[in-house]
Amino acid sequence: GIFPGKILIKGKPCGLDTSIPILITVASPELAPLSSTLDIGATCQSKDTVITFVNRSNIKVTLSLPSFSKKEVFSLVDSSGFPIVTNPGDTIRIRLRFAPAVEGEHSLQARFPLAPCGESIVQLHGILGVGKISLSNTTIEFPHGCDLLPSQPQQLLLMNDTIRSVMITDASITGSSTFTLI
């Protein structure tokens, strides 16, 4: 940053007091992600993704191992190259793995320490698992007992309790050769 100021000088003899304006420039590291938010969406299994950083400052900046606000959700795919020293204008790519232990929606922060000072923060988001498909009724009753006629089909309502569209590729009834899905 740039900081305007004054240097006040007091002197002797005869009160040689002077005020001299100065401008102090401090080079600040700016190794910034291309996006401060990374949303990998919904997935049924672990998924790798990439964060891209650009050194937008006029000095060398070192990127250190990140800390995650929830360690069990995201991790580095390979930490062997850290710390990473970047020159002005350099672009680097960091591979992360989304592999939470439990299904559901996960939001957290990754904090990447910078040297000589500061940090880059990335908001991470992902959803593991897509929910479930259920039936409106798991009991089917045929009111006429022995009169199971093919013209008396019963309907089941299939409900999509997931977070996205689902394509049903197959369905069958197991445990009985008497009934079929039509």
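Note that the coordinates shown come from a computational prediction; the quantities given were computed from them, not determined experimentally.

Asker: Looking at this structure, how should I read the packing of aromatic side chains?
Answerer: The description of an aromatic ring pair rests on the distance of the ring centres and on the angle between the ring planes. As enumerated under the stated definition, the model contains two aromatic pairs in all. Aromatic side chains F53 and F112 sit 4.9 Å apart centroid to centroid with 65 degrees between the ring planes, which places their arrangement in the edge-to-face category. Highlighted residues: F53 in strand β5 (residues 47-55) and F112 in strand β11 (residues 104-115), separated in sequence by 59 residues. Taking the centre distance of 5.1 Å and the plane angle of 45 degrees together, the rings of F74 and F98 count as tilted.

Asker: What am I meant to see in the sheet that holds strand β3 (residues 31-33) here?
Answerer: Adjacent strands of a sheet pair through backbone hydrogen bonds, lying either parallel or antiparallel. Taken together, the four strands give an open sheet; going across it, the order is β3-β5-β10-β8, and neighbouring strands pair in antiparallel fashion. The sheet terminates laterally at β3 and β8 (74-76), the two strands that pair on one side only. Strand-to-strand twist across the sheet, computed as the mean angle between neighbouring axes with direction ignored, equals 35 degrees.

Asker: Explain a nonpolar patch on the surface to me, please; I cannot follow it from the model alone.
Answerer: A surface patch of nonpolar side chains, amounting to about 470 Å² of accessible area, comprises I133, L135, L156, L158, V166 and I168. By secondary structure assignment, the location of L158 is in strand β14 (residues 158-160). Judged by relative accessible area, which is 47%, L158 ranks as partly exposed.

Asker: What exactly am I supposed to notice about the nonpolar core here?
Answerer: Nonpolar side chains tend toward joint burial in soluble globular proteins. F53, L63, I94 and L124 are the most contacted members of the largest nonpolar core, which totals 24 residues. Each residue touching L63, except ones within four places of it in the same chain, is listed here: L31, F53, F82, P83, I84, I92, I94, F112, P113 and L114.

Cut-off values and rules
- Residues numbered from 1 in each chain as written.
- Predicted model: local features only at pLDDT ≥ 70, side-chain atom pairs only at ≥ 80, totals over all residues.
- Heavy atoms only, no water.
- Phe/Tyr/Trp six-rings, centres within 6.5 Å; stacked < 30°, edge-to-face > 60°.
- Helix = DSSP H or I, 4+ residues; strand = E, 2+ residues; numbered from the N terminus.
- Pairing = 2+ DSSP bridges.
- Axes fitted to C-alpha atoms, helices over the stretch in contact; angles between N-to-C directions.
- Patch = residues over 30% accessible without salt bridge, like charges linked within 9 Å, V, L, I, M, F, W, Y side chains within 5 Å.
- Areas by Shrake-Rupley, 256 points an atom, 1.4 Å probe, with all protein chains shown as cover.
- Salt bridge = Lys/Arg side-chain N within 4 Å of Asp/Glu carboxyl O.
- Buried < 20%, exposed > 50% of the residue type's maximum accessible area, 1.4 Å probe, protein only.
- Core = buried A, V, L, I, M, F, W, Y, C linked by side-chain atoms within 4.5 Å.
- Contact = heavy atoms within 4.5 Å.

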